[in-house]
Structures are given as structure tokens and as C-alpha cells.
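Commentary on secondary and tertiary structure
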Amino acid sequence: MTTNFDLAPPPAALAGGGVAVPIDISTIDAHLTFDAAAQAAHGAASLAFVVGPTAGRPVFDLRQTVTQVVLDGSALPVTAVPLVDLGGGPGAEVRVLDAVLDSGTGHTLAVGYDVGLPASPPGGGYPPHLVWSGPAGARRLQWNVGFTDLAPARYLESWVPANLIWDQYTVTWEVTITGTTVAHTLITNGALTTLGPNHWSVAFPSRSTALSTLIEVRPADELLSQTTHVALPAAGRTITVQAWTTTSSGIDLAAALADLSAWLVEDDSQIGPYLHGDRFVTFLLQGGMEYDGGCTATRGTLRHETFHSWWGRGVKPAGQPDGWIDEAWNTYHDNGGATVDPFNFAEPAQTLCSREPYSRITPGASYSGGARVFAGIAAVSSPPALTALMSGFYSAHLDRLITTLTLEEHLVARIGAGAPDVVDGFHHFIYGFADPSPIPDLWLRDDPGHTGSEQWTGRFWDSPDLWIRHADDGGTVHQAPVAGQDNWFYARIRNRGAGAARHFMVVFNVRQYSGVEFVWPSDYLPGIAAAGGFDLGPGQEVIVRARWPAALVPPAGTHACWLAAVLSRADRPVAGAHVWEHGNLAQKNLTIHRVQPGQTITVPFGYLAGLARRLEVHAPVQVRQWAFSLRPRSPGSQWRSPVIEGSTRPASPGRTMPLAHGQPVPVPGPQAPGSTVAVFAITVPADATPGMSGVIDLVARDERGSVVGGIAVELTVVKPTGQIDERLRQ
Ligand SMILES: [Zn+2]
């Protein structure tokens, strides 16, 4: 079973001692029995779950009257599941099981309960109903689950014991109505099996969360339905589309289905493939609420609720603080998807994403206020570019629930020159943070001796605060990247300012060759990935990491240079800055080789020809006498040899220009300015001792002698292949 504990709210200390901890539920089986004779209902549910990395008392929720609690076959008192406020505030309490369970252990919790209207705060356009009518023996039931984002505890937990929305699991509802001769119909987006008269089972797949399950029960003779079939181009299949309403609503189902079919095709082709199997179901009556591949709606809200099967219930929020995303983007889409409205930071800050992990409400401002945030992001790109970025985000997050930070990282990495404005926009209009005062000053070291000054005159091309790992393993030692697999960018960010950074982002980029004069922002943006963080106080440091997707890792033998830039409200690099001119910028031009005695290694690097630049080798004393040279990138390349000054001539195959430690030579190349690639070659002497190592720098100086670029090559001498240690042959 896969778990997502990193998406869960953190363990929370309990006022009476102990700690409330998240659990990961794998299955929920619930049986709700509606007794028409007694006009009462009862629930019996069973949860299979594992405890997370922290031992403690499990967190879940149920907004019904508990009559029985059985943990792993042993009965507990009904008082063992009290409602506790872990930080979400009034109405957002959760149940905390009064049993301390070990981390990583698996359990089964069975709960019996009387079913009535949920004891949850009111709200939403189509609230839950549980209404009996008619005479004894022919009673009629109207029951709907009535979920809403706009009040806490109004998802699955309002009827069935369930987890907060970060957790995914299979759900099976069995529903029975006894004691009536009236035939009822169950409308659902789940896989429906009719087990008998007024007796159904509904199954939901393992990607379901607490906000997935649409269920509506009414007497069959009070309902109308129509069905059609729609071919979805991106999903590559034809789905059944079913629309229901009541006999008295007057809603034109044929017209609704025609609209719905067009919107489903439009969303599937513009956003990405439909995720919810081979059906879409809508119950048209009042309000509007989205479910996975279904909705309750009116003719007026149907388009909005359909869009949610991609945004909100296709790509799903990991927590309620992330619930603003789908309403904001949906409203931007409702408004035509073309609005441009530049951020005005003189306007009051707006909080759409609470920093309270136990928050359980989507703010009302998420709709129009959230749509304005997207209009502000469109102003630093364009509406079509933003729409394409959002579709890319959809396709990249079908398997894993999304957070606000994940969305910001996606946009900041890819949007280009507008990235700093997106960071500011999230700071002010999504997290709702005030402008910092005093301001933070974030930086990465250019060298172990760098103490944070914006200007740094020392070695800057091998930042110790920027490194690569083969896995998301938390390691702090740079590894040469491996082609054909995901690698990970890491950066250590420090704050030397007097004020805290409430929020920051780091953008990572890779340049194919070890180019030497990278400039903000054009060499950094758009980047490959970004990683964000919160609340970095004065004097503090933190490590962030981001995935470097396999498809973007260059092939083996290609020498990459890594760039990182840290962005925060009131602290960003100045345009045109080089890495040594601004603390927010860092680069790593380090290649790592294991070499045998007598072997020559080559490192391609880029530079700007036609400028007055000189190249120079700096080597530690133990390797200073090795042979260093520059070579053209390929036979036939034209370069102006500094040894044979004056004319441009083709370089002969294998032609080399010797370099010696501390002795600069003019860069070779064409006299016209332009990007040039050359090769830095190092030959290890045949008598070099295995185990010997050193970092050799090739630095570029401008006409004033200032260092303007560099690449570092770390060499370790190993035993020649095939050389057998004689002592092992005994
Ligand atoms: Zn909505």
C-alpha cells in the first residue's frame, strides 16, 4: 500500500497530553440501513489503516452519533472518539481515537452509529437532506450527501468515518432501505450494483478521497433521467453521460445533456484526458457541487461543476488550504480564460491558502479573488501561455494530490521572466503575507569562504550550497548526475537580513555546457524546476530540493552547469547580475571524474568569443605539473590560436593549446563575438599514484583581470583496469 504521509497535517500535541497523529486509510466499507418503519437509520463502517511515522492517537472524523467503537476486534467505550480542535477552529474539529498506536502498524477500526443529518456546520448550495414522507408501509426517502467546500466537515465524514482530504482510499457504500413498498433509485458516480429491491452497493476506486462520492436516493417515481454517449478525444474513449432531475423541476434534460457533452469534449481536449472511467453523472436540481466524474448542479452551474472533474476532482487538493486553486482557476475559466489584470501590490493582502494545516474551509474569496490572481499571472505571461502551463500541471499531477506550493513551483520554474512577480503575487494575494519589514536578505554561498556579501571576488563557480543527488535522499554531497533517470537539485538557502522571509522560492536551471558568464535573468529563466519554503528567520538556513526529471537530464558525457536563484518578496537579483555580483545567485560548474594513470579527460565548455578574455588554469600543488590544454570542439572548427596570433584558421584534428598553472592565455576562437565551445583537456601522468585527487579550475578573466567565469574539474586517480593487486592472488 502506498502512503502519502508527507501530505498529511503534522502530528498535533493534545491539551491533555499525548499526540494526535495522521493515519493512512486504505479501505472504507460502510453499510447504511434506512428503516422506513422506524424512520431511523443506522451506519456500520470499517476502516483499514496504517499509522504514520509518528506513534500516537489516530485522527479521523465522523459527524454522526457514535454507538460502538471496536479497534482490532476489541470494544472501546463510545467516548473513545472525542471531537478535538487541532487548530482548524470551531466546526473543524476532528475525532481523535483514545488509543496510542505504534508508528507503521496496521489496524482495523469498526464504528457503529445512528444516522441523522450530519452534526457539521451549515452551508453550500445543496445541503444534505434525510427526509421521510408518506404513510407507514409506503414511506418515501429523500437522502443526499450534500457535500460542500464552504463549511468544515461536510465531505464523506458527514456520513461515514473518513480521513481528511489528503488521504486516498477505496470506498464501498452499501445502502439498504427496509420497511417500504416504494421503489427507490440510487444515483451515484460510483460503480453501482443493485443487490435487490432498495438495496445497492457502490464502489469507488483507490484514488478516491473524502470529497469524491456523490450519492442521491429518491423514490424512483419522482425522478427523470436521460443518457447519451460522448467520445472524448484526449482520453481516447467514449463515456456514458447520465443526467437526472426530479419530475417536478421542469429542467430540460435533453438540452442539459447537449451542453454537457460539448463541455466534456472541450475540457478533455483543452486540459487533458478525463480521469473518471467511462461515466459522467449529474443530478440537476439546485446549487452546484463537484464530485469525481459527477456533480450536482443547475443548468447555470453545470459548466463550472463539469470543469471540476478535471480541476478539483481530477487533480485534487491535498488539503483544504489548497482548495482555492480549483475554484480560482475555474472562475478564471468561467470568465472566458483571457483576463489580464496586473498585480497591484497597493491593494490589501488576501489569504486564500491558510498556513493552518487543520483548516477545513475553502475561503469565499477563492472565486473572484482567486481568479484575479490568475489574471495577474497572465499579465506576466499571457492567457494562452498560462492555460498551457496549467494543462501541463494537470497532466503532471494525476497520481498525486496537489498543494499550493506545488502549483507555485510549477509556475515559477516555467513561466520565464515573470517568475519573481509570481512569487510576489503568491506572497501577497494567496498566502496573505504582509510586505516584510525589516526585509530578509537571502543568499547562497559562492565559495566556502563567502559570508554573504552581494559582491564576491573569490572562486564562485562551485557553490557549496548547490548540489545534485541521484535520489531524494537528503544527502549533502554533490554527485555527478546520472543520465536516464530522475536526479535531484538541492540548495541551501541562508538569511542574513534583519527580517524573516515568510516565503521564498528557488529556481534551478541547467546549461548544457559549462558556460562561464551567466546573467540574471536570461540564463536562469525559464528554469527546469523550483522549490519553495516558508518562514526562514534571520540567521537561519534551510535545504530545499526539487526533482530534475529524467527526460531533462542530458546524456552521459555531456557536461552540465547548474544555476540557482532564490526569490522572495523584497529580495530578488538585479537584472544583468552575474553570480559573483548577487548573493541570490549561485552556480556549480563541477564535473567529477575517476581517471586512470595516463588517461586524458575532456570537459567541453562554452564561452563568448570575440571578447577580450584570457583563460588560466588553477591547480593544487599535487597535480600542478599535469598536462592541461585547450582543444577545438571538433576537427575543422575555426579558432584564432593565441599561439599563432592574428589569422583565423581551421584547427587541425587533435590540435592542442597548452596551458600552465597561473599563466593566462587569450581565448581562442573566431574574432566575431558569439558563443563558442571548446574543450578543456587534462592528461594524468602515467606514473600518477592511485588515490591522488584534486580540484582543477579553468578560469576566465576579462581585460581588467577580473575573474568572470570558471569551471571546476574534480579528478581522483584510480587503479588501471585489469591491474590486479598481487597480494590478493596468494
Ligand atoms: Zn467550484
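Refer to the structure presented above.
This report concerns the structure included in the present document. Not measured: the values here are computed from a predicted model.

Structural notes on the overall build of the protein chain
Across its full length, the protein chain carries seven helices and 41 strands. Over its C-alpha atoms, taken along the principal directions, the protein chain stretches across nearly 105 × 65 × 55 Å. The buried share of the protein chain, reckoned over its 730 residues, is 55%. Once local pairs closer than 6 in sequence are excluded, the contacts in the protein chain between residues at least 24 apart make up 72%. When the accessible surface of the protein chain is split by element, carbon and sulfur atoms take 53% of a total near 27,200 Å². Between the centroid of the 46 positive side chains of the protein chain and the centroid of its 64 negative side chains there is a distance of 9 Å.

Re the pairing of strand β19 (residues 237–246)
Regular strands show a simple pattern: their side chains alternate between the two faces of the sheet. Judged by how many residues are buried, β19 sits mostly within the fold: seven of ten residues are covered. Sheet topology places strand β18 (residues 223–232) next to β19; ten bridges connect them, and they run antiparallel. The residue of β19 that forms the bridge with Leu-223 is Thr-246. The antiparallel pairing of β18 with β19 creates a hairpin that spans four residues between the two strands, and Gly-236 there sits at a positive phi of about 75°.

With respect to the sheet that holds strand β31 (residues 590–595)
Ordered by their spatial adjacency, five strands build an open sheet running β31-β41-β40-β33-β38, and the pairing between neighbours is mixed. With one partner strand each, in any of the chains shown, β31 and β38 (665–666) form the two edges of the open sheet.

Regarding the coordination of the zinc ion
Bound to the zinc ion on the protein side are His-304 (NE2), His-308 (NE2), Glu-327 (OE) and Glu-327 (OE), at distances that span 2.0 to 2.6 Å. What the four donor atoms of the zinc ion show is an angle range of 55 to 157° at the metal, which sorts the shape as irregular. Each donor residue of the zinc ion lies on one chain, and together they are spaced H-x3-H-x18-E. Here the residue His-308 occupies a position in the loop between α2 (302–307) and α3 (324–334), and Glu-327 occupies one in helix α3, the gap between them amounting to 19 residues. As far as burial versus exposure is concerned, His-308 and Glu-327 are alike and both buried.

Observations concerning the nonpolar core
Counting 110 residues, the largest nonpolar core has Trp-311, Trp-324, Phe-374, Ile-377, Trp-626, Phe-680 and Ile-696 as the members making the most contacts within it. For Phe-374, the contacting residues outside a window of four places in its chain are Trp-324, Ile-325, Ala-328, Trp-329, Tyr-332, Leu-386, Met-390 and Leu-407. Counting 54 residues, the second-largest nonpolar core is a separate cluster that includes Ala-30, Phe-34, Leu-130 and Leu-214.

About the cut-offs
- Residues numbered from 1 in each chain as written.
- Predicted model: local features only at pLDDT ≥ 70, side-chain atom pairs only at ≥ 80, totals over all residues.
- Heavy atoms only, no water.
- Helix = DSSP H or I, 4+ residues; strand = E, 2+ residues; numbered from the N terminus.
- Buried < 20%, exposed > 50% of the residue type's maximum accessible area, 1.4 Å probe, protein only.
- Contact = heavy atoms within 4.5 Å.
- Areas by Shrake-Rupley, 256 points an atom, 1.4 Å probe, with all protein chains shown as cover.
- Lys, Arg positive; Asp, Glu negative; His and termini not counted.
- Charge placed at Lys NZ, Arg CZ, Asp CG, Glu CD.
- Pairing = 2+ DSSP bridges.
- Donors = N, O, S within 2.8 Å, 3.2 Å for Na, K, Ca; no water.
- Tetrahedral: all angles 85-135°; square planar, octahedral: opposite > 155°, others 65-115°.
- Core = buried A, V, L, I, M, F, W, Y, C linked by side-chain atoms within 4.5 Å.

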